[in-house]
Amino acid sequence: MTTILFIEDENALQSAATYALEKEGYTILSALDGETGLELAKTKKPDIILLDLILPKKDGFTVLAELKSNDATRDIPIIILSNLESSADVEKALALGGTIYLVKASYSLNEVMNKVQEVLGKKAK
């Protein structure tokens, strides 16, 4: 079964996405802060990570850099899902190793799920 780690501090979004992705048959690991997310990534080795950038304890840029510098987690695709939309933030996240950058306000949950399926190499519904 495919495992998705969702590192997001907004409870409502975390719950909605978890519900929708579980309905599609994915196993979801949830973290409400960057520190917990980093530990889960290292110990559980998910197939893909959805990562917010504005997080308590450890921001998403730091989490991304640490994941990509660790041999155990460097090859996990990471979809950035953030409200930060400046070109500098997008460029920084992609330069650090993000696979795709999605601005939350511009994508529906369904579109995010399609991106997850694309990245995982599955046919988008």
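Note: the structure precedes this text.
Notes on the structure follow. (Residues numbered from 1 in each chain as written. Predicted model: local features only at pLDDT ≥ 70, side-chain atom pairs only at ≥ 80, totals over all residues. Heavy atoms only, no water.)

## A short note on helix H1 (residues 11–23)
Okay, step 1: Between the first and last C-alpha of H1 there are 18 Å, a value that for 13 residues agrees with the 18 Å anticipated at 1.5 Å per step.
Okay, step 2: By the burial criterion, the buried members of H1 are Gln14, Ala17, Thr18, Ala20 and Leu21.
Okay, step 3: For H1, the secondary structure elements touched by its buried residues are strand E1 (3–7), strand E2 (27–31), strand E3 (48–51) and helix H5 (109–119).
Okay, step 4: Gly25, located one to two residues past H1, shows a positive phi value of around 95 degrees. (Helix = DSSP H or I, 4+ residues; strand = E, 2+ residues; numbered from the N terminus. Expected span 1.5 Å × (residues − 1). Buried < 20%, exposed > 50% of the residue type's maximum accessible area, 1.4 Å probe, protein only. Contact = heavy atoms within 4.5 Å.)

## Overview of the pairing of E3
Okay, step 1: Taking every second residue as pointing to the same face, both faces of E3 are buried, with Ile48 and Leu50 on one and Ile49 and Leu51 on the other.
Okay, step 2: Two strands pair when backbone bridges link them, and E1 and E3 are joined in this way by four bridges, in the parallel orientation. The residue of E3 that forms the bridge with Ile4 is Ile48.
Okay, step 3: With three bridges connecting them, E3 and strand E4 (residues 78–82) associate as parallel partners. For Leu51, the partnering residue across the bridge sits in E4 and is Ile80. (Pairing = 2+ DSSP bridges.)

## Some remarks on the sheet that holds E1
Okay, step 1: A sheet is described by the order of its strands in space; here five strands give the open sequence E2-E1-E3-E4-E5, paired in parallel fashion. The open sheet has two edge strands with one neighbour each: E2 and strand E5 (100–103). In this sheet, adjacent strand axes meet at a mean angle of 20 degrees when their direction is disregarded.
Okay, step 2: Here four bridges tie E4 to E5, and the two strands are oriented parallel to one another. Following the sheet pairing, Ile79 is matched in E5 by Ile100.
Okay, step 3: Contacting E4 and E5, helix H4 (residues 87–95) crosses the sheet at an angle of about 150 degrees to E5. (Axes fitted to C-alpha atoms, helices over the stretch in contact; angles between N-to-C directions.)

## Some details on the nonpolar core
Okay, step 1: The biggest cluster of nonpolar side chains holds 21 residues, and the ones touching the most others in it are Leu5, Ile7, Ile49, Leu51, Leu67, Ile78 and Ile80.
Okay, step 2: Of all elements in the fold, only E1, E2, helix H2 (34–44), E3, helix H3 (60–69), E4 and E5 reach the threshold of two or more residues within this core.
Okay, step 3: Tallying contributions element by element places H3 first for this core, with four residues.
Okay, step 4: Residue contacts for Leu51: discarding those within four places in its chain leaves Ile7, Gly60, Val63, Leu64, Ile78, Ile79, Ile80 and Leu81.
Okay, step 5: In terms of nonpolar packing, the next biggest core, distinct from the first, is built from 15 residues, Phe6, Leu21, Tyr26 and Ile48 among them. (Core = buried A, V, L, I, M, F, W, Y, C linked by side-chain atoms within 4.5 Å.)

## Focus on the side chain of Lys68
Okay, step 1: Structurally, Lys68 can be placed in helix H3.
Okay, step 2: We note that Lys68 is buried and unpaired, the nearest opposite charge coming from Asp75 at a distance of 6.2 Å.
Okay, step 3: For Lys68, the side chain forms a polar contact with the main-chain oxygen of Ile76, separated by 2.9 Å.
Okay, step 4: Discounting residues that sit within four places of it in the chain, Lys68 has contacts with Arg74, Asp75, Ile76, Ile78, Leu96 and Gly97. (Lys, Arg positive; Asp, Glu negative; His and termini not counted. Salt bridge = Lys/Arg side-chain N within 4 Å of Asp/Glu carboxyl O. Polar contact = N/O pair within 3.5 Å; in protein donor to acceptor, adjacent residues only side chain to side chain.)

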